[in-house]
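One letter stands for each residue in the lines below.
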Amino acid sequence: MTDNPRESLNLVERMAKRMAAEAAQGVSAQPVAPSFAERVAQKVAAGSPAATQPAQGAVIKSAQGPLESLPQNAAVAVTSLPARPPVADRAEDAPVNPVAKQVHLDFRALRQNGMITPDNISSALSNEYRAIKRKLLQKVRDPQTRAATNNLVMITSSLPGEGKTFSSTNLALSLAAERGLRVLLIDADVIRPSVGNVFVSPPSEGLTDLLSGKVKQVSDVLYRCADVPNLSVIFAGTPRRNSPELISSGQMANLCRELSTRYPDRVVVLDTPPVLASSEPSILATYVHQLIMVVASAQTDRHQLRKSLEAVSACQNVSLLFNKAPRWNDAEYYGYYGYGYAPRTASSDATAPQS
């Protein structure tokens, strides 16, 4: 027992008295990290009803500044700093590779148009496009490195209705069946786009939006095919008055160059307008490495074909694809690929319709 008993102060009051004493001695000129007890006191004070309203006479300048005046036995109002945002909300912790946009093939539309479907690799049509694909890949790949260097392939025709979109889609599906090969199908016929007809709910944004600057990156308009993992698609995009000028612009040339060099295992297939119906194919022919001219049986005459070939003569590698050919009686030939997948029947020898 002493004549001057110690004052009965709670933890908050003792902490406040200590801070006031240090402020008077100039100790608090340099901020000092609070101790564990002080941090506990702050939390207690912040959760107490007295902490919501400062007591009269208690003046706090800032979180790091000294207390100017603090009456004895006065409750201390502690202002807590804002909490750090959760880790998931910070920009630097955002996912780097978001889930890629995807589209699905319309298998019903493919079958109705007599086209290749990924679930039927034994059809006669699949066999025909295998032969086309093999000849194409011989020119696409470098003999030494096997990289896809001459990989920009343009599909066109002389007149509408000869089957250029039919051929573009089938060729892209056949190429995507190759292992270690990526395929990008671009609907560059922005006047009458048709590639979207074989996909379920195709998006509205596409090539024209990219060339016009509405979207900034190729990834914004590039969609992966969920049914064929190696296949990606860029659709025609929003119709515009200057769509033909966009296709023949310098932006299109830069885009073709970028898509060609970005991946060494990619083949880019461009479905373009008919040559005699528009002037864009003659410009696009200067950008691509290979050109396939679809010629429909009993539809295009020699004069039209000669005029079309002259218009795209800027491309050094031009091939002809004979479409809608008469059906010959080659049952044994067409039934060969069906031999390994199903029992031989009369229906398995029938050739698939072509449009």
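Quick caveat: nothing in here was measured; it's all calculated off a predicted structure.

Visitor: Can you help me understand the overall build of the protein in this one?
Guide: When its secondary structure is counted, the protein shows 11 helices and nine strands. Among the 355 residues that make up the protein, the fraction classed as buried is 39%. Just so you have it, the protein exposes about 20800 Å², and 53% of that area is on carbon and sulfur atoms.

Visitor: In this structure, what is going on with the sheet that holds strand S8 (residues 290–296)? I would like to understand it.
Guide: For sheets, the rule is that strands pair by backbone hydrogen bonds, running either parallel or antiparallel. An order of S4-S1-S5-S6-S3-S7-S2-S8-S9 is seen for the nine strands of this open sheet, with the pairing classed as mixed. Strands with a single pairing partner mark the edges of an open sheet, and in this sheet they are strand S4 (199–200) and strand S9 (318–323). Pairing of strand S3 (residues 182–187) with strand S7 (residues 266–271), which is carried by six bridges, proceeds in the parallel orientation. By the bridge assignment, Val-183 is partnered in S7 with Val-267. In the packing of helix H4 (residues 124–140) onto the sheet, contacts are made with strand S2 (152–157), S7, S8 and S9, and the angle to S8 comes to roughly 155 degrees. Here helix H8 (residues 250–262) sits on the sheet in contact with S2, S3 and S7, set at roughly 150 degrees to S7.

Visitor: Can you walk me through the pairing of S7 in this structure?
Guide: Look at any regular strand and the pattern is simple: side chains alternate between the two faces of the sheet. Buried residues dominate S7, accounting for six of its six residues. When S2 meets S7, the two strands line up parallel, connected through four bridges. Among the inter-strand pairings, Val-153 is bridged to a residue of S7, identified as Val-269.

Visitor: Would you mind showing me how to read the packing of H4 against helix H5 (residues 164–176) here?
Guide: The geometry of a pair of packed helices is captured by two quantities: the angle between their axes and the separation between those axes. Contact pair H4 / H5: the axes reach a minimum separation of 9 Å and the direction vectors enclose 75 degrees. On the basis of the axis angle, H4 is roughly perpendicular to H5. Contacts from Leu-125, Tyr-129, Arg-130, Ile-132, Lys-133, Leu-136 and Leu-137 of H4 reach H5 at Phe-166, Ser-167, Asn-170, Leu-171, Ser-174 and Leu-175. Taken together, the residues that form the contact of H4 with H5 break down as eight nonpolar, three polar and two charged.

Cut-offs used in this document
- Residues numbered from 1 in each chain as written.
- Predicted model: local features only at pLDDT ≥ 70, side-chain atom pairs only at ≥ 80, totals over all residues.
- Heavy atoms only, no water.
- Helix = DSSP H or I, 4+ residues; strand = E, 2+ residues; numbered from the N terminus.
- Buried < 20%, exposed > 50% of the residue type's maximum accessible area, 1.4 Å probe, protein only.
- Areas by Shrake-Rupley, 256 points an atom, 1.4 Å probe, with all protein chains shown as cover.
- Pairing = 2+ DSSP bridges.
- Contact = heavy atoms within 4.5 Å.
- Axes fitted to C-alpha atoms, helices over the stretch in contact; angles between N-to-C directions.
- Parallel < 35°, antiparallel > 145°, perpendicular 65-115°, else oblique.
- Nonpolar A, V, L, I, M, F, W, Y, C, P; charged D, E, K, R; others polar.

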